[in-house]
Amino acid sequence: MCGVAGIFHYADATERIDSGELLRMTRRLSHRGPDDEGVHVEAALGLGHRRLTIVDLTSAGHQPMAAADDKFWLSYNGEFYNHRAFRPRLEARGYRFRGTSDTETLLLLLAEYGPRILSEVAGIFAFAFWDRAARRLLLARDPLGVKQLYYHDNGRRVVFASEVKALLEAEGVPRELDPAGLNDYLHFHTPLFERTFFRYIHQVRAGEFLEIDRHGLRRRRYAETDGFQPRHETAAESIEELRSLLGSVVDEQLMSDVPVGTFFSGGIDSSAIAAFARKAGRTVKCFGVHFSDQGVIDERPYQEAAASALGLELELTTVDASAFPDDLLRLTWFQDEPVIGAALIPMYHVSRLAARSVKVCLGGQGADEIFGGYARYALINPARVISSWLSRRVRPAADSSAPSDAGVTGSLMKQLLDMRNVRRLARRLHPGESWSGRYFENFVQVPEREWRRVFPDPAIVSRRKARAIFESTIARSPALTPGDKILHWDIQTYLTGLFQQDDRMSMANSLESRVPMADPRIVRFALHTNFDLKLKGGATKWVLRQAVSDVIPPAVLNRRKVGFDTPAEAWMRGPHRAFVRDLLLSSAARTRGYWSAAGVQAVLDNTRSPYWFAMVWKLASIEAWASGYLDTARAQTPAELTCELA
């Protein structure tokens, strides 16, 4: 991965780029690309780039990269996994390659075909492409939003970058909270669609490109969800197709001229990725994180058992409470805005561990949202889920009409019978509520009345607005069933937030994170797979579990889902209670005026509330962000923040 930055004075061709400003923006992204730096300036356009060398380690991969006698320029952050397949096609049209990088392939494809070619690209990316003759700039993002691209448009000039902190190095970019972004965060755990936490800073949406010329900025989509019509295949055929697809995608995503590893939790998704990498003939080292004696499940025994069963080399790092205050401040700075949950802490530390040995890691992120891996999906039709589970329990032994369960058991039931999930779901099961209402209330977690005590301003907290966004998005989805409509919602919203978290924590360590489960070919397969093959027989991700059942052991296949379960709640209630209280009730927090200090005090004191951690985590994340990004003339570094708060 790399870092992209730039400035374009689109309204006035006589404007000149401030090279110092462009260089400050670019260097703010040095953690994303410590290996090389480049800038290109011509008249009213400036492109900056920081490079993490992964494919083609020579100077032929230097960026910004030019083609066709400097008529086209590209500053690119990403990986184009199937780029080699396009090279013969380009050579047949007279193009000659100087190197072996996927950057060069993408540049020439864009020069020849324009942005419509992006629908054929299998990769993760965010880039700026300059067409000198047309005086047109394109900013684009991959179909699922694995990589991010932010911009500020003042009506005459657009500035853009891979991270918000780089934008704030440009003159005239306001640093002001967007109440709509905050409302999104409180309800959906991340700002939605093009919104960020900054009122005047937006992000290119997943599957979208921006076309910018003298007429201004226009949004265009190149990746549309082509319906959700199920394929006319048997379950066995779907399983076999997915198995083959996973093998080819993982093989292709091992593309690298530097060492590659895998993130490894010991769960089904990361274990499957590591197993398919090994099956492809590549020896990859696995990296994991765990917590010992800290009140949550210690993943280490599961990780070690899974790695041993698969014949994989595993290296683990242990995280404890000692660094929590510093981690919260520092990692929120890297994150650019408040984050979904405390999983950023283990993600950062496992990335730091991996970066000591490799430059690239493959992980299992995305599988839950694409194949239906959460217990909350059962809320869509609880009776059907229970019926499916019971039918599996009583299926006659002679029934050969469906594939063998191959060790796939009631993983969903294990989640549903976990008392924490039982209590949470019970609080949100209201008689007469629609399936979408049940899901919405479960997803938002905290009742509106609880947030109202903290944020009395209705411009900040509006359950009505949040529900309207949710319902209208669900209604517009081309999905044919409630289950697929919810998956489509999560793919467009929650998953993009998770990807931002993944990107920031890996790139903070100059490590590239790849996500085979979110490859557009696998996503397309999942979208056209009947929802009944996702939640089936009491199992989540049933079709995926079946497809990987021949490469991972049954003990891994049927573990209860725990995700990145962190002890953050215990840390915030126990050894770092004073830090949290001081952060939330500081004079800066009171002066800023977002929330009622008395309301925050009441939340902190009501430690028996079932919403205590959900609320305190978000409040602490908001304040950590505000102290680093709003209270000064520029985004402070983690070291500066730590000194000020000490």
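See above for the structure.
A.B. asks: Help me understand the side chain of Q501 in this model?
C.D. replies: Inspection of the secondary structure assignment puts Q501 in helix α19 (residues 494–507). Q501 sits in the buried class, given a relative accessible area of 6%. Not counting the four nearest positions on each side in its chain, Q501 is found in contact with Q335, V339, I340, G341, A343 and L344.

A.B. asks: Help me understand helix α20 (residues 520–527) in this model?
C.D. replies: Each turn of an α-helix holds 3.6 residues, which means side chains three or four residues apart point in the same direction. Burial runs high along α20: six of the eight residues are buried. Every buried residue belonging to α20 is among P520, I522, V523, F525, A526 and L527, and all of these are buried. For α20, the secondary structure elements touched by its buried residues are β6 (123–131), α6 (235–253), α11 (367–371) and α18 (482–492).

A.B. asks: Mind showing me how you'd approach the packing of aromatic side chains here?
C.D. replies: How two aromatic rings sit relative to each other is set out by the distance from centre to centre and by the angle between their planes. Throughout the structure, instances matching the rule amount to 28 aromatic pairs. The interplanar angle of 75° and the centroid separation of 5.3 Å between the aromatic rings of F198 and W625 together place this pair among those described as edge-to-face. Here the residue F198 occupies a position in the loop between α5 (179–188) and β10 (202–203), and W625 occupies one in helix α27 (residues 612–629), the gap between them amounting to 427 residues. Here F455 and W595 contribute two aromatic rings whose centre-to-centre distance is 6.1 Å and whose plane-to-plane angle is 65°, an arrangement assigned as edge-to-face. Taken together, the positions of F455 in the loop between α16 (448–454) and α17 (463–476) and W595 in the loop between α25 (587–592) and α26 (597–605) put the pair 140 residues apart, joining distant regions of the chain. Each member of the pair, F455 together with W595, is buried. Taking NZ or CZ as reference, R87 lies 3.9 Å from the ring centre of F97, over its face. Over the aromatic face of W542 sits the side chain of K536, whose NZ or CZ is 5.2 Å from the ring centroid.

A.B. asks: I keep staring at the sheet that holds β10 and nothing clicks. Help me out?
C.D. replies: By definition, the strands of a sheet pair up through backbone hydrogen bonds, in either a parallel or an antiparallel sense. Sheet architecture is open: six strands sit in the order β2-β3-β1-β9-β8-β10, paired in antiparallel fashion. On the outer flanks of this sheet lie β2 (36–42) and β10, each paired with one strand and no other. Alignment of β2 against strand β3 (residues 45–51), held across seven bridges, turns out to be antiparallel. Bridge assignment links V41 to a residue of β3, and that residue is G46. Of the strands in this sheet, β1 (2–8), β2, β3 and β9 (158–161) touch helix α1 (residues 19–27), which is tilted by about 150° from β2.

A.B. asks: Looking at this model, I keep getting lost on unusual backbone geometry. Mind explaining?
C.D. replies: Leave glycine aside and you will find that most residues have negative phi; peptide bonds, for their part, are mostly trans. Cis geometry is adopted by the peptide bond preceding P64, which originates at Q63 and carries an omega value of -5°. Structurally, P64 can be placed in the loop between β3 and β4 (65–67). Non-glycine residue R135 carries a positive phi angle of around 50°. Structurally, the position occupied by R135 is in the loop between β6 and β7 (136–141).

How each quantity is defined
- Residues numbered from 1 in each chain as written.
- Predicted model: local features only at pLDDT ≥ 70, side-chain atom pairs only at ≥ 80, totals over all residues.
- Heavy atoms only, no water.
- Helix = DSSP H or I, 4+ residues; strand = E, 2+ residues; numbered from the N terminus.
- Buried < 20%, exposed > 50% of the residue type's maximum accessible area, 1.4 Å probe, protein only.
- Contact = heavy atoms within 4.5 Å.
- Phe/Tyr/Trp six-rings, centres within 6.5 Å; stacked < 30°, edge-to-face > 60°.
- Lys NZ or Arg CZ within 6 Å of the ring centre and 35° of its normal.
- Pairing = 2+ DSSP bridges.
- Axes fitted to C-alpha atoms, helices over the stretch in contact; angles between N-to-C directions.

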